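# Summary of structural features
Okay, here's what each chain looks like letter by letter:
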Amino acid sequence: MDIFETMDLFHSYKNSKVESLKNINIKVGKGKKTALLGANGAGKSTLFYHFNGVFKPKSGTVLFDGKPMEYTKDALAELRSDVSVMLQNPDEQIFSATVEEDIAFGMLNQGMVREEIDARIDEVLSMVGMTEYRMRPTQQLSYGQRKRVAFAGAIATHPKVLIMDEPTAGLDPQMAQETLEIADQLHIGGTDVIISTHDVDLAYAWADEIHVLRNGTLVYSGVSEGFYKDSVAVALAGLMPPAMFAIDSNLTEICGIGNGKYPHTRAELLSKMAVKDTKTGTLYGIPVDDYIDQAMIDCVLAHAEEGAAVGIYGIQTRRIAYKEALRLDYVFDGMENCLIEVMNGNDAVIYYDRSLSDMVIGKVVKVSGFGLKIPFEVRGGL
Amino acid sequence: MDGILETKDLYFYYAGSTSGALEHVNIKITKGKKTAILGSNGAGKSTLFYNFNGVYSPSLGEVLYEGKPIKYSKKALRSLRSDVAVVLQNPDDQIFCSTVGEDVAFGPRNLGLSEKDVAERVELAMFQTGITMLKDKGTLQLSYGQRKRLALAGAIAMKPKVLIMDEPTAGLDPQMANEVMEMANQLHHLGTTVVISTHDVNLAYGWADEINVLRMSKIIYSGTSEGFYSDIKLVHTAGLMAPAMFSINKNHCDMNGVEEAPFPTSLPELVSKMSSERPKSGMMLILSITDGLTEDEMLKATGPLGGPRVGVYGTAARKAVFRGKLHADYVFNGIDNCLLECVNGKNSVLCCEGRMVDIVTDRIERLKQFGTSVGYEIREV
Amino acid sequence: MIDFSALPIIQQRVLLLAVIIIAAVGSILLARIINDRRRKAKGLPSGKRGGTSEQVQMDSLAYGSRMVSWSPLGKMFLALALIVAGLITKSALVPIATMTLGLALMAYSTNMRIPSILALAIGEAMLIMIIGCGMISIMGNPAEPAIWNAEILWFRIHMTAASFNQAWLVFFRAVAGVTLMLAFASSTPIPHLAQALRQMRMPKEITEIVVLIYRYSFLLLERMQTMYSSAQGRLGFNGFVRSIRTTAGIAVGMFTSALEMGDKAQAALDSRNYTGEFPIFRTPKPMNATWVAMPILLAVWMVLFGFYTEGLIDFNVIFFGGA
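It should be emphasised that the depicted structure is a prediction, and the values quoted were computed from it without experimental measurement.

Another point: the overall build of chain A. Along the backbone of chain A there are 15 helices and 15 strands. Relative to a compact globule of 382 residues, whose C-alpha radius of gyration would be 21 Å, chain A shows 22 Å and is just as compact. Dimensions of chain A, computed from C-alpha atoms along their principal axes, come out at roughly 70 × 55 × 35 Å. Put simply, chain A has 382 residues, and 62% of those count as buried. Taking as baseline every contact in chain A between residues at least 6 positions apart, the subset at least 24 positions apart corresponds to 69%. For chain A, the computed accessible surface area is about 14,700 Å², with 51% contributed by carbon and sulfur atoms.

Here it is as structure tokens:
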């Protein structure tokens, strides 16, 4: 089942003979992390503006959740409360003078009740880590803070689909990681996330499926590695292969390690390149609900005294970890780094939101599948 | 090692604010080196740059150019600004004229040069940034990438001794970003001291000789990249993460008990170091282009080598290949890709401008440390 | 040595007037320099180059004010009531009193630390008024006896006791007005004001335009400052003609930025389901009975005070001694 589908979509801007989108037949899968990839001017934003009805096709149809789009006022209003867009430049979408007002903007337009709105503002602000900024005027915020406010505003309306345009552009690496983590959690919570970007490394590490646009045409839909195998197509599309892909394919060619698997992250790469019978440490997972009790901390400290690294993963966990001022080695990219520590022979402990349990186990299994088995034990929690 | 630009105990406060945009900043930009200033998006970096070209004067402390404190008289600033050019992140902030040619001429004209000199500089700057064919186009009709190149051309036209670029690759797709960094390298090779600011650690790692890390208005590290990334705690305090290449090297070495040094900063170096068994390295034929490349010359080069992949390095070479309607496998990132071919045991051909050949041979030299000795031949065409 | 009292009366008065003007201007400049030195010595901002504009500073002041949560309409009504009171009476003591009240409110609002931007604004108002009131003082009723009579070029100076007093009255009214309005402006952010106007049943189109202009003016201002700085770096202001050309270039850049922002804003508004009206989540405190009654009472009290003290101050006596 597809969340978005277009059939023979053509689009050109008013008063322009140039077609900005030509014959697009795209199927964006439901429940997948999708990336729209393409050079500047390839037509990515033009396409996603069709997904929330801001642009209308010149010819062809756009379907949302299986039903063709209607462009009446009411239908569009409903569509836009289901499909939320977060733009690259936060100043383009923050209209109100204070943070609180801006987040309330979308919800008020949707007709939500005031008490609900009040609660939801607190909720999303805490998700992006901006709780103390609620009453601040928007122009006093830094770029990164504004981006987070824009993000909060986009997810406040509980959208079914979140489209993010270059979500990590202009952010320092740690904030970029945080943003992606939140996107991941939304994905698990049932929101479909689509990222539009020209950052091939980002898309490679994050997305399940990519769609590549070039000069208004769709040149590829499918799994990342399928695209990058064809270097001519990559160059024509104005892109370059992701670092992980390039390193892996070159090493595979030289060393002949061919298990047909394509590592997308550092941990996966190392697992693939690891010598057999390397001695690994153990990864201890501690699921967190809304508190971390002393027993858990002691358990962790015991391991940590022996040199284990400690990482966190998940919005709630991060909030609690900051509040309790826990001793941490990896505040960002916790899973990746802990897995790498384990592969290097050290023990590692990872705190994570209980709701992310499946994801954590999934990652461990995936990395193990590349060649080096990672021992994983769940501790603590109820 | 001379410092061409230096700050001593620099403090800068914006009017009406009690917290400093810059505090206790001691930075030294070494002449002739490639320096990167790492830090997140915020007023800190641009404030520093404006102090370098005299647009802002320090609240406390001083700024030195070529060892002498900056004077803020009109004459002194004029001379300073023709030596120190700043290119901002957003090209729209620095385009003032309606056509491309005029905007590139803006700076030189303001220097009071003769029309002949101005025209010469404009031609050269446009050539070096690959926008010669856009000369008469209106600035409002340019794409983002073109505008960024225009902004760079405007700065190059001043023939600066120091070129400072704020987030040169921000907003650019991979190929354009690659091109811009190539241009920066070419300028550096020709003698300009180049300084870039970025928060892309991967970009800075492969490129910079020296890095300075700016965090919350203060400099928390000055020195080599490796020195910084080896201190994980410091990296995290700075809000940054180690570059992929550094981490992979480190993890690989930890796992296999290999020495971390020498540190690979590009893909061929990393692959070469990480491969346990390396095939015999391929040969690289470097075509040193002076003015154009014909199909014949290309065939003569590729024929005997048995169908090697062809790479391109540099704006001039790219233009020559394009004009000659020749086929190239690696139009972007030519050096890395050709070296990779060699590491993989295959031959490759690299087209580049005569003046830039040294850059290529330097890279080949560097690669030796990582276990691959690439034999090469330079042929002038 | 010049014997002052031996000088003709005209020259004495001219000298006196000149002294007042110079003293006023000089003290403001001196205050500025001393302030700068003091701050530099403490290692604090001197920030003459670059920096946030006045608009941004005022905005930060307003949001950081202790009076920010008072009813915006109420504050405005209070300021206006006191200004009107000063205009009704002929006593100079009323505007002096309301000016003091204004300064007190300002001090409270900024937590006893009146920033230089406000002090300078009042100083500038004083300077401008000195010129204006100077004009008033020398254009007295020709029928009345003159304290000072002179002819400069084609202009006849005729200063009477009445005109002199009038000039001082106008001066204090104006400065009091400026002080009160500044106290209001520095404690009320524009969006609050816009919402207050909305409560006053002003059409929503106008209030929304006010908020949008407010919001986008910061962005455009930021843009302009950046362009200005980069133009300086490219030597765009080397010489008069060049400066004009560069300024024109900046103006075009601002214009196109504004157009671009408008376009992008439209798409973003559509995406966020804009219904045509900006909804307000947190409405400002309305004007309640206290806020209506208090200013009126104060104003009435001031007016009565004025009637009581009318004629009590004769500036002629203060300045020239004797009638």
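Within chain C, the regular secondary structure consists of 11 helices and 2 strands. Every one of the 323 residues in chain C was classed for burial, and the buried ones make up 41%. Pairs at least 24 apart in sequence give 73% of the contacts found in chain C among residues at least 6 apart.

Below, the discussion takes up the environment of B:Gly354. Residue and element names in this part refer to chain B. Inspection of the secondary structure puts Gly354 in the loop between β14 (348–353) and α15 (357–368). By relative accessible area, which is 30% here, Gly354 ends up partly exposed. Residues Gly354 and Ala316, spaced 38 residues apart in sequence, show a C-alpha to C-alpha distance of 9.5 Å. Excluding residues that lie within four positions of it along the chain, Gly354 makes contacts with Ser288 and Ile289.

Counting along an α-helix, one turn takes 3.6 residues, and residues three or four places apart therefore face a common direction. Taking 1.5 Å of rise per residue, the 13 residues of helix α10 (residues 243–255) of chain A would be expected to cover 18 Å, and the 18 Å separating its terminal C-alpha atoms lies within 8% of that figure. Within α10(A), the full set of buried residues consists of A:Met244, A:Phe245, A:Ala246, A:Ile247, A:Asp248, A:Asn250, A:Leu251, A:Ile254 and A:Cys255. Here the buried face of α10(A) lies against α7 (200–206), α8 (224–228) and α11 (266–273) of chain A together with α10 (244–256), α11 (267–274) and α14 (334–343) of chain B. Remark: A:Gly256 follows α10(A) within two positions and exhibits a positive phi of approximately 70°.

The interhelical angle for the contact between α10(A) and α11(B), taken along N-to-C directions, is 40°, at an axis separation of 10 Å. By the angle between their directions, the pair α10(A) and α11(B) is classed as oblique. Crossing of α10(A) over α11(B) shows right-handed handedness. On α11(B), the residues touching A:Ala246, A:Ile247, A:Asn250, A:Leu251 and A:Ile254 of α10(A) are B:Leu267, B:Leu270, B:Val271 and B:Met274. In the contact of α10(A) with α11(B), the residues fall into 8 nonpolar, 1 polar and no charged.

We now examine the interface of chain A and chain B. Each side of the interface is counted separately: chain A has 38 residues, and chain B has 40 residues. Buried area between chain A and chain B, both sides added, is near 3,200 Å², and the carbon and sulfur share of it is 62%. Across the pair B:Lys346 and A:Glu253 runs a salt bridge whose closest N-O atoms are separated by 2.8 Å. The tally of links between chain A and chain B comes to 11 residue pairs in polar contact (both at pLDDT 80 or more). Going through the elements one at a time, α6 (173–188), α9 (231–236), α10, α11 and α14 (334–343) of chain A are the ones with two or more residues in the side of chain A that touches chain B. It is α10(A) that provides the largest number of residues to the side of chain A that touches chain B, a total of 8 residues. Class assignment for the residues of the side of chain A that touches chain B results in 24 nonpolar, 9 polar and 5 charged.

What follows covers the interface of chain C and chain B. Across the contact, 28 residues belong to chain C and 37 residues belong to chain B. In total, about 2,800 Å² of surface goes out of reach between chain C and chain B, with carbon and sulfur atoms giving 55% of it. Between the two partners, chain C and chain B, sit 3 salt bridges. Listed by contribution, the elements that provide at least two residues to the side of chain C that touches chain B are α8 (204–233) and α9 (240–271) of chain C.

To continue, consider a nonpolar patch on the surface. Residue and element names in this part refer to chain C. A surface patch of nonpolar side chains, amounting to about 680 Å² of accessible area, comprises Val84, Ile88, Met287, Val292, Ile296, Val300, Leu304 and Phe307. Looking at the nonpolar patch, the elements that each hand over two or more residues are α3 (72–88) and α10 (289–309). With 5 residues, α10 is the largest single contributor of residues to the nonpolar patch. Considering the arrangement of structural elements, one finds Met287 in the loop between α9 and α10.

Before going further, it helps to spend a moment on the sheet that holds β14(B). Residues and elements named next belong to chain B. Here 4 strands make up an open sheet; going across it, the order is β13-β14-β12-β15 and the pairing parallel. Lying at the two open borders of the sheet, with one neighbouring strand each, are β13 (309–313) and β15 (375–380). If you compare each strand with its neighbour and ignore which way they point, the axes differ by 20° on average. Where strand β12 (residues 283–289) meets β14, 6 bridges bridge the pair, whose relative direction is parallel. Within β14, the position partnered with Leu287 by the bridge is Cys351. Against the sheet, α14 makes contact with β12, β13 and β14, and its axis sits at roughly 155° relative to β14, the strand it touches most. Along the sheet, α15 contacts β12, β13, β14 and β15; its crossing angle with β12, the most-contacted strand, is approximately 165°.

Residues and elements named next belong to chain B. Within the element layout of this structure, Asn185 appears in helix α6 (residues 174–189). By relative accessible area, which is 17% here, Asn185 ends up buried. Those residues within four positions of Asn185 in sequence are excluded, and the remaining contacts are Lys34, Trp207, Tyr313 and Ile359.

What follows covers the packing of α11(A) against α10(B). Running from amino to carboxyl end, α11(A) crosses α10(B) at an angle of 35°, the nearest separation of the two axes being 11 Å. Judged by the sense of rotation from one axis to the other, the crossing of α11(A) with α10(B) is right-handed. Contacts from A:Arg266, A:Leu269 and A:Leu270 of α11(A) reach α10(B) at B:Ala244, B:Ser247, B:Ile248, B:Asn251, B:His252 and B:Met255. Among the residues forming the contact of α11(A) with α10(B), the class breakdown is 5 nonpolar, 3 polar and 1 charged.

Take the packing of aromatic side chains next. All told, the structure shown has 34 aromatic pairs over all chains when counted by the stated rule. Judged by centre distance (5.7 Å) and plane angle (85°), the ring pair of C:Trp168 and C:Phe171 falls under edge-to-face. Of this pair, C:Trp168 and C:Phe171 both sit in helix α6 (residues 161–185), 3 residues apart, roughly one helical turn. No difference in accessibility class separates C:Trp168 from C:Phe171, as the two residues are buried. Aromatic ring contacts, followed pair by pair, group A:Tyr204, A:Tyr220, A:Phe227, A:Tyr228, A:Phe245 and A:Tyr262 into a single cluster.

Once that is clear, we can look at the nonpolar core. Ranked by internal contacts, the top residues of the largest apolar core, which has 128 residues, are A:Ile103 and B:Met284. Tallying contributions element by element places α10(A) first for this core, with 7 residues. Apart from residues lying up to four places away in sequence, B:Met284 is in contact with B:Cys338, B:Leu339, B:Cys342, B:Ser348, B:Leu350, B:Val360, B:Ile364, B:Val374, B:Gly375, B:Tyr376 and B:Glu377.

On to the pairing of β14(B). One face of the sheet, then the other: side chains in a regular strand alternate in exactly this way. All names here are of chain B. The buried fraction of β14 amounts to 6 of the 6 residues, a majority that puts the element mostly inside the structure. Here β13 pairs with β14 via 5 bridges, running parallel. For Val310, the partnering residue across the bridge sits in β14 and is Val349.

Turning next to the pattern of salt bridges. Throughout the structure, instances matching the rule amount to 42 salt bridges over all chains. Across the salt bridge formed by B:Asp92 and C:Arg223, the nearest N and O atoms sit 3.9 Å from each other. Separated into two different chains, B:Asp92 in the loop between β7 (84–87) and α3 (100–110) and C:Arg223 in helix α8 make up a pair that spans both. A relative accessible area of 14% places C:Arg223 in the buried class. With a shortest N-O distance of 3.4 Å, B:Arg379 and B:Glu377 are connected by a salt bridge. Beyond isolated ion pairs, a larger network of salt bridges with shared partners links A:Glu100, A:Asp118, A:Asp122 and A:Arg134.

For the rest of this paragraph, the subject is unusual backbone geometry. In this chain, B:Ala261 is followed by B:Pro262 through a cis amide linkage whose omega measures -5°. Summarising the element assignment, B:Pro262 is placed in the loop between α10 and α11. For A:Asp8, which is not glycine, the phi torsion reads 50° and is therefore positive. Checked against the element boundaries, A:Asp8 lands in strand β1 (residues 2–11).

A separate point is the sheet that holds strand β15 (residues 376–378) of chain A. Residues and elements named next belong to chain A. The strand order β13-β14-β12-β15 describes an open sheet built from 4 strands, whose pairing is parallel. Each of the sheet's edge strands pairs with one partner strand only, and the pair in question is β13 (309–313) and β15. Averaged over all neighbouring strand pairs, the angle between strand axes comes to 25°, with direction disregarded. Contacting β12 (283–288), β13 and β14 (348–353), helix α13 (residues 315–324) runs over the sheet at an angle of about 110° to β14.

What counts and what doesn't
- Residues numbered from 1 in each chain as written.
- Chains lettered and ligands numbered in written order.
- Predicted model: local features only at pLDDT ≥ 70, side-chain atom pairs only at ≥ 80, totals over all residues.
- Heavy atoms only, no water.
- Helix = DSSP H or I, 4+ residues; strand = E, 2+ residues; numbered from the N terminus.
- Rg over C-alpha atoms; globule rule 2.2 N^0.38 Å.
- Buried < 20%, exposed > 50% of the residue type's maximum accessible area, 1.4 Å probe, protein only.
- Contact = heavy atoms within 4.5 Å.
- Areas by Shrake-Rupley, 256 points an atom, 1.4 Å probe, with all protein chains shown as cover.
- Expected span 1.5 Å × (residues − 1).
- Axes fitted to C-alpha atoms, helices over the stretch in contact; angles between N-to-C directions.
- Parallel < 35°, antiparallel > 145°, perpendicular 65-115°, else oblique.
- Left-handed = near helix turned anticlockwise from the far one by under 90°.
- Nonpolar A, V, L, I, M, F, W, Y, C, P; charged D, E, K, R; others polar.
- Buried area = accessible area lost by both parts, 1.4 Å probe.
- Salt bridge = Lys/Arg side-chain N within 4 Å of Asp/Glu carboxyl O.
- Polar contact = N/O pair within 3.5 Å; in protein donor to acceptor, adjacent residues only side chain to side chain.
- Patch = residues over 30% accessible without salt bridge, like charges linked within 9 Å, V, L, I, M, F, W, Y side chains within 5 Å.
- Pairing = 2+ DSSP bridges.
- Phe/Tyr/Trp six-rings, centres within 6.5 Å; stacked < 30°, edge-to-face > 60°.
- Core = buried A, V, L, I, M, F, W, Y, C linked by side-chain atoms within 4.5 Å.

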